[in-house]
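# Inside the fold
The residues making up each chain are set out below.
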Amino acid sequence: MLGSIAAFASHEHVRHSAGEHGRGPVRTNTIKGCFSIFKRGMKGVCRHCSERRLHRHAFRFESRYDNRIGNGPEDVARAVIVLKGAVGRRLLYRDSSSG
């Protein structure tokens, strides 16, 4: 999530009990924002998620977080990203006449 795994190779922490909420690039706001989007979407949109498909939901909300307006992409750029992701994929519809 949130780009490259290498960015999270080292694990730092902040001590809220000592009144610390950030130290240079180390802060909790980034992950809190990511979890906020995920939780809101899972409770409001998905309502139910099986463990089997959890990775798909996580990827969906990861994409939303990575492509939010605060990161730069405007509406047209986000649409291009979505359309590029659909290239080579098939959308299958169940034949309604088969019951």
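Our structure is the block above this text.
Below is a summary of the structure that appears in this document.

The rules behind these values
- Residues numbered from 1 in each chain as written.
- Predicted model: local features only at pLDDT ≥ 70, side-chain atom pairs only at ≥ 80, totals over all residues.
- Heavy atoms only, no water.
- Helix = DSSP H or I, 4+ residues; strand = E, 2+ residues; numbered from the N terminus.
- Areas by Shrake-Rupley, 256 points an atom, 1.4 Å probe, with all protein chains shown as cover.
- Axes fitted to C-alpha atoms, helices over the stretch in contact; angles between N-to-C directions.
- Parallel < 35°, antiparallel > 145°, perpendicular 65-115°, else oblique.
- Left-handed = near helix turned anticlockwise from the far one by under 90°.
- Contact = heavy atoms within 4.5 Å.
- Nonpolar A, V, L, I, M, F, W, Y, C, P; charged D, E, K, R; others polar.
- Phe/Tyr/Trp six-rings, centres within 6.5 Å; stacked < 30°, edge-to-face > 60°.
- Buried < 20%, exposed > 50% of the residue type's maximum accessible area, 1.4 Å probe, protein only.
- Expected span 1.5 Å × (residues − 1).
- Arc of directions from axis to C-beta.
- Salt bridge = Lys/Arg side-chain N within 4 Å of Asp/Glu carboxyl O.

### Let's talk about the overall build of the chain
Looking only at helices and strands, the chain has three helices and two strands in total. In the chain, the succession of helices and strands from N to C terminus is β-β-α-α-α. Of the accessible surface of the chain, which amounts to about 8,500 Å², a share of 57% is contributed by carbon and sulfur atoms.

### Regarding the packing of helix α1 (residues 29-46) against helix α2 (residues 54-66)
Across the interface, α1 lies against α2 with an axial gap of 10 Å and an inter-helix angle of 125°. Considered as vectors, α1 and α2 are oriented oblique to each other. Read as a crossing pair, α1 and α2 show a hand that is right-handed. Residue-level inspection shows Thr30, Gly33, Cys34, Ile37, Phe38, Gly41, Met42, Val45 and Cys46 of α1 in contact with α2, the latter providing Leu54, His57, Ala58, Arg60, Phe61, Arg64 and Tyr65. Its residues placed into classes, the contact of α1 with α2 shows 10 nonpolar, four polar and two charged.

### Regarding the packing of aromatic side chains
Under the defined criterion, the tally for this structure stands at one aromatic pair. Judged by centre distance (5.7 Å) and plane angle (90°), the ring pair of Phe38 and Phe61 falls under edge-to-face. Pair noted here: Phe38 is in helix α1 and Phe61 is in helix α2, with a separation of 23 residues, a long-range link. With relative accessibility at 21%, the residue Phe38 sits in the partly exposed group.

### Re α1
The end-to-end C-alpha separation of α1 is 24 Å, in line with the 26 Å expected for 18 residues at 1.5 Å each. Within α1 the residues assigned to the buried category are Cys34, Gly41, Met42 and Cys46. Along the long axis of α1, the arc covered by the buried residues comes to 100°, so they all point the same way. For α1, the exposed residues lying more than 90 degrees away from the buried face are Asn29, Arg40 and Lys43. Lining the buried residues of α1 we find α2.

### Thoughts on the pattern of salt bridges
Across all of its chains, the model carries two salt bridges by this definition. The partner of Asp75 in a salt bridge is Arg78, with the nearest N and O atoms 2.6 Å apart. Highlighted residues: Asp75 and Arg78, both in helix α3 (residues 75-86), separated by three residues, approximately one helical turn. Under the relative-accessibility criterion, Asp75 is labelled exposed at 56%. On the basis of relative accessible area, Arg78 is assigned to the partly exposed category, the value being 21%.

### Side note on the side chain of His57
Of note, His57 is situated in helix α2. Residue His57 is classed as buried on the basis of its relative accessible area of 17%.

From the geometry alone we can't say anything about function, so treat these as descriptive.
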